[in-house]
Amino acid sequence: KSIVPDETEEIKNHLLEWCGEEGGSVCDLIFTTGGTGFSPRDVTPEATREVIEREASGLMTFTTSLCASMQPLAALSRCTAGIRGETVIVNLPGNPAAVGQMLDILVPLLLHAVKDVKGL
């Protein structure tokens, strides 16, 4: 768990470390929160895209679509997801209520995704 400034390089460095680069520990799943809106400082999706090797755009499109049916402002989220090595990375919004809604949808899907990435 870390609090990372809204700086692309800082975000990238933490993600790479958690993916096992630079001698860091390997995580099966990484969640980021915040930095996914329209503010100029919201750079988490861009930093994530620079780290991932394969994008999982359908995962977030599906989740955002379901959340937007409950809360139309969810459509303003720019969350992304993808895979680097054997790690799944998922951006979540900064709003705690929105995180809860998204996790309700994502957790069952991500349990399957992590198994797939690991070849299990």
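One can find the structure itself at the top, above this paragraph.
Please read these numbers as outputs of a predicted model, since none were measured by experiment. (Residues numbered from 1 in each chain as written. Predicted model: local features only at pLDDT ≥ 70, side-chain atom pairs only at ≥ 80, totals over all residues. Heavy atoms only, no water.)

Participant: How would you sum up the pattern of salt bridges? Please name residues and give values.
Facilitator: Evaluation of the coordinates by the stated rule reveals seven salt bridges. One salt bridge connects E50 with K12, and the closest N-O pair in it is separated by 2.7 Å. In this pair, E50 is assigned in helix α2 (residues 44-51) and K12 in helix α1 (residues 8-18), connecting sequence segments 38 residues apart. In this structure, R49 and E55 form a salt bridge, with 3.6 Å as the shortest nitrogen-oxygen distance. The exposure class assigned to E55 is partly exposed, which follows from its relative accessible area of 47%. Sharing partners across several salt bridges, the network here consists of E9, K12 and E50. (Salt bridge = Lys/Arg side-chain N within 4 Å of Asp/Glu carboxyl O. Helix = DSSP H or I, 4+ residues; strand = E, 2+ residues; numbered from the N terminus. Buried < 20%, exposed > 50% of the residue type's maximum accessible area, 1.4 Å probe, protein only.)

Participant: Lay out the nonpolar core with the relevant residues and their values.
Facilitator: Core analysis: the largest hydrophobic core is formed by 17 residues, its most contacted members being M60, V88, V90, M102 and L106. Among the elements of the structure, α3 (57-70), β3 (81-84), β4 (87-92) and α4 (96-118) are those that each provide at least two residues to this core. Considering each element in turn, this core owes the most residues, seven residues, to α4. Counting residues in each nonpolar core, the second largest holds 11 residues, with I11, W18, A47 and I89 among its members. (Core = buried A, V, L, I, M, F, W, Y, C linked by side-chain atoms within 4.5 Å.)

Participant: Give a description of the pairing of strand β1 (residues 29-33) that names residues and reports values.
Facilitator: Residues I30 and T32 line the buried face of β1, whereas the alternating positions L29, F31 and T33 sit on a face that is not buried. Across five bridges, the pairing between β1 and β4 is parallel. Across the sheet, residue L29 finds its bridge partner in β4, namely V88. (Pairing = 2+ DSSP bridges.)

Participant: Help me get a handle on the packing of α3 against α4, residues and values and all.
Facilitator: For the pair α3 and α4, interaxial distance at closest approach is 9 Å and the crossing angle is 150°. The chirality of how α3 crosses α4 is right-handed. Residues L59, M60, F62, T63, T64, L66, C67 and M70 of α3 lie in contact with α4, whose contacting residues are Q101, M102, I105, L106, L109 and L110. A breakdown of the residues in the contact of α3 with α4 according to their chemical character gives 11 nonpolar, three polar and no charged. (Axes fitted to C-alpha atoms, helices over the stretch in contact; angles between N-to-C directions. Left-handed = near helix turned anticlockwise from the far one by under 90°. Contact = heavy atoms within 4.5 Å. Nonpolar A, V, L, I, M, F, W, Y, C, P; charged D, E, K, R; others polar.)

Participant: Let's hear about the sheet that holds β3: which residues, and what values?
Facilitator: Taken together, four strands build an open sheet; the order of strands is β1-β4-β3-β2 and the sheet is mixed. In this open sheet, the two strands that pair with only one neighbour each are β1 and β2 (54-55). Along the sheet, α3 makes contact with β2, β3 and β4, crossing β3 at roughly 155°. Across the sheet, α4 touches β1, β3 and β4, and the angle it forms with β4 is around 170°.

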